[in-house]
Amino acid sequence: MLKGKSAVVTGSTSGIGLGIARVLASKGANIMLNGFGDAAEIEKIRSGLESEFGVRAAYNAADISKPSSIKEMIDATVETFGSIDVLVSNAGIQYTAAIEDFPEDKWNAIIAINLSGVFWGMHYALPYMKKQGWGRLINIASAHGLVASPHKAAYVAAKHGVVGLTKVAALETAEIDITANAICPGWVLTPLVEKQIKDMAAKDGISEKDAELKLLSEKQPSKKFTTPEELGELAAFLCTDAAAQMTGVPLPMDGGWTAQ
Ligand code: NAD
């Protein structure tokens, strides 16, 4: 389905991004991996994609908080694979504190990575996609792109921003075979959420298993985590011709969280 196409997945050394990269590779896409982590581990992921799925995979260490690094990564993708057909803007971080206690550096980092990083990715990828006449922009927002929770001011602001930005991108590309959509996951058990579970277990004096259930029960009616594989399959669907008229949409995959 995606044979001969290439996808950049930001923040794909872990969690949701890695799950999406694996599904896109399973459909035949060449993959530009990105994100932080141990060099040997990243090389294992890269070579694993090539051997498991018979695609080409490369890695770029771009820091998504830096527009110039994003440009370099997009250009490197076109140099390596000949095109950039799919951009999954997924890199993201979290920090929780009440508004009056929110540190300036944490606010700036979350806005830079979770919001501005998505903008600059599209800014540098769109000229290539327009020239090719085909492209898929997939922005990983969150249930927090649609509803709020206390103590997540920067994250909720950034994710709502991503949903709005996605709509603008959809309008600006409406007459071309380029779509822009946002995926809005509920809780997914990744390192980003494992930290919140550990914090909750320590704060409430409960086991991590009980903290997991408490976290899910508070928000996600299914009481099950969304998985990176499920999110990957949704991203892959957005790359099909069947999804060509689906653009500017925030798509929850959240076990009913935002239906409440
Ligand atoms: P994760 O911590 O497992 O992965 C985050 C990835 O982003 C890693 O590969 C990390 O190296 C990379 N990254 C962080 N800062 C970066 C930077 N400056 N430059 C380049 N890469 C950077 O987290 P995750 O849960 O897989 O989150 C992925 C995305 O999904 C985020 O945008 C997050 O907000 C969103 N999301 C997560 C959940 C959840 O429950 N886990 C729910 C909704 C949305």
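Just above sits the structure.
Anyway, here's the lowdown on the structure attached to this text. (Residues numbered from 1 in each chain as written. Predicted model: local features only at pLDDT ≥ 70, side-chain atom pairs only at ≥ 80, totals over all residues. Heavy atoms only, no water.)

## Topic: the site of the ligand
So, step 1. For the ligand, the set of nearby residues contains 30 residues, the closest of which are Ser14, Asn90, Tyr155, Val188 and Thr190.
So, step 2. A distance of 2.8 Å separates an oxygen atom of the ligand from a polar atom in the backbone of Ile16.
So, step 3. Between the ligand and the protein, one listed contact pairs an oxygen atom with a backbone N or O atom of Gly186 at 3.4 Å.
So, step 4. Burial of the ligand by the surrounding chains reaches 93%, relative to a free accessible area of 820 Å².
So, step 5. Of all the elements in the fold, those that place two or more residues in the shell around the ligand are helix 1 (15-26), helix 5 (153-172) and helix 6 (191-204). (Near = heavy atom within 4 Å. Polar contact = N/O pair within 3.5 Å; in protein donor to acceptor, adjacent residues only side chain to side chain. Areas by Shrake-Rupley, 256 points an atom, 1.4 Å probe, with all protein chains shown as cover. Helix = DSSP H or I, 4+ residues; strand = E, 2+ residues; numbered from the N terminus.)

## Concerning the sheet that holds strand 4 (residues 86-89)
Adjacent strands of a sheet pair through backbone hydrogen bonds, lying either parallel or antiparallel.
So, step 1. As summarised here, the arrangement of the seven strands in space is 3-2-1-4-5-6-7, forming an open sheet in which the pairing is parallel. The open sheet terminates on both sides in strands that have one partner only, identified here as strand 3 (57-60) and strand 7 (250-253). Strand-to-strand twist in this sheet, taken as the mean axis angle between neighbours without regard to direction, amounts to 20°.
So, step 2. The pairing of strand 5 (residues 134-140) with strand 6 (residues 177-185) spans seven bridges and is parallel. From the neighbouring strand, Ile138 faces strand 6, where its bridge partner is Asn181.
So, step 3. Along the sheet face, helix 4 (residues 104-132) touches strand 4, strand 5 and strand 6 and points at about 165° away from the line of strand 5. (Pairing = 2+ DSSP bridges. Axes fitted to C-alpha atoms, helices over the stretch in contact; angles between N-to-C directions. Contact = heavy atoms within 4.5 Å.)

## Description of unusual backbone geometry
Most peptide bonds take the trans configuration, and most residues that are not glycine carry a negative phi.
So, step 1. Positive phi, normally seen in glycine, also occurs at His151, with a value near 70°.
So, step 2. Summarising the element assignment, His151 is placed in the loop between strand 5 and helix 5.
So, step 3. Residue His151 is classed as partly exposed on the basis of its relative accessible area of 47%.
So, step 4. The backbone of Lys223 shows a phi angle near 55°, a positive value even though the residue is not glycine.
So, step 5. Structurally, Lys223 can be placed in the loop between helix 7 (208-219) and helix 8 (228-238). (Buried < 20%, exposed > 50% of the residue type's maximum accessible area, 1.4 Å probe, protein only.)

## Side note on the pattern of salt bridges
So, step 1. Under the defined criterion, the tally for this structure stands at 12 salt bridges.
So, step 2. Between Lys27 and Glu233 there is a salt bridge, with the nearest N and O atoms lying 3.2 Å from each other. With a gap of 206 residues between them, Lys27 in the loop between helix 1 and strand 2 (30-34) and Glu233 in helix 8 connect regions that are remote in the sequence.
So, step 3. You can call Lys27 partly exposed: its relative accessible area is 26%.
So, step 4. The partly exposed category is assigned to Glu233, whose relative accessible area is 40%.
So, step 5. A salt bridge links Asp199 to Lys195; the nearest nitrogen and oxygen atoms lie 3.0 Å apart. Taken as a pair, Asp199 and Lys195 lie in helix 6 at a separation of four residues, close to a single helical turn.
So, step 6. According to the relative accessible area criterion, Asp199 is partly exposed, its value standing at 39%.
So, step 7. Using a relative accessible area of 52% as the deciding quantity, one classes Lys195 as exposed.
So, step 8. Overlapping salt bridges bring together Glu43, Arg46 and Glu50 as one network. (Salt bridge = Lys/Arg side-chain N within 4 Å of Asp/Glu carboxyl O.)

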